[in-house]
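Coordinates in review
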Amino acid sequence: MTSTDTHTEPAPEAVAGLHHPDTRRAFRTVHRFVLAYLGLSVLTLVAAFALRDHPSVVTPAVWVRGTIVVLGAAVTLLLTVRAGRGSRGAFRRLRIISTVMLAAIVTIVVLPGVFPVWMKVEQGLCGLALLGVAVLVNGRHLRTLFARL
């Protein structure tokens, strides 16, 4: 018996739950938050590039963190789309990544001296977007739905 033999199909009502108006609304909101997170992250790299000749404003840490955040935001967007289509694995990863990235952002904002103030402000805005994602994907409605899928 392979692992695919033990997989059972989700109940029809669970699959129908993906199309429920509350579910669609939740995923639209998550998608918007993730797009805001990605957009802010890309704008950060654009700003870093524009200010690259000012080492007091654009430190090596800005480049590293900025790149990591853009990649993380892109992965978060991919997971959001896949979860919205019913992928339990993507939903689970979206829950984990949104929480871990939010914790990383809080750490960056409170650490003194590592990042310039402008990046801490940007990271704070990204954190607000991720907070919205984390609240929605850890809410009862979506957790219950994906537990049945």
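The notes below deal with the structure included here. What you see is a predicted model; the values in this text were computed from it and never measured. (Residues numbered from 1 in each chain as written. Predicted model: local features only at pLDDT ≥ 70, side-chain atom pairs only at ≥ 80, totals over all residues. Heavy atoms only, no water.)

1. Overview of the pattern of salt bridges
Filter applied, for reference: Each salt bridge in this description consists of a side-chain nitrogen of Lys or Arg and a carboxyl oxygen of Asp or Glu lying within 4 Å of one another. Runs of E in the DSSP output that reach at least two residues are strands. Runs of H or I that reach at least four are helices, and both are numbered from the N terminus. When accessible area is computed with a 1.4 Å probe and restricted to protein chains, residues below 20% of their type maximum are described as buried, those above 50% as exposed, and intermediate ones as partly exposed.
Under the defined criterion, the tally for this structure stands at 1 salt bridge. Linking D22 and R25 is a salt bridge whose minimum nitrogen-to-oxygen distance equals 2.5 Å. You can see D22 and its partner R25 sitting in helix 2 (residues 21-50), 3 residues apart, about one turn around the helix. Judged by its relative accessible area of 37%, D22 is partly exposed.

2. Brief notes about the packing of aromatic side chains
Condition: Working definition: rings of Phe, Tyr and Trp (its six-membered ring) pair if their centres are within 6.5 Å, and the pair is stacked with planes under 30 degrees apart, edge-to-face with planes over 60 apart, and tilted otherwise. A ring has a charge above it when a Lys NZ or an Arg CZ is no more than 6 Å from the ring centre and no more than 35 degrees off the ring normal.
Here the structure, examined in full by the defined rule, presents 2 aromatic pairs. With centroids separated by 6.1 Å and ring planes inclined at 75°, the aromatic side chains of F27 and F146 adopt a geometry described as edge-to-face. With F27 in helix 2 and F146 in helix 6 (residues 140-148), the pair connects residues that are 119 residues apart, well separated along the chain. This pair shows no difference in class: F27 is buried, exactly as F146 is. Summarising the aromatic geometry, the rings of F91 and F146 are spaced 4.0 Å apart at their centres and angled 5° between planes, so their arrangement reads as stacked. Here F91, found in helix 4 (residues 88-110), pairs with F146, found in helix 6; they are 55 residues apart in sequence, far enough to count as distant. Judged by relative accessible area, F91 falls into the buried class, the value being 4%. The residue whose ring lies beneath R52 is F49, and the NZ or CZ to ring-centre distance is 4.0 Å.

3. Focus: a positive patch on the surface
Just so we agree on the cut-off: Like-charged residues are merged into a patch within 9 Å and nonpolar side chains (Val, Leu, Ile, Met, Phe, Trp, Tyr) within 5 Å, provided each residue has over 30% relative accessible area and no salt bridge. Accessible areas in this description were obtained via Shrake-Rupley with a 1.4 Å probe; residue shielding takes into account the shown protein chains only. Neither His nor the chain ends is counted toward charge; the positive residues are Lys and Arg and the negative residues Asp and Glu. Working definition for charges: the position is that of NZ of Lys, CZ of Arg, CG of Asp or CD of Glu.
Positive charge collects at one region of the surface, where R82, R88, R92 and R93 lie side by side. Classification of R93 by relative accessible area gives partly exposed; the value is 42%.

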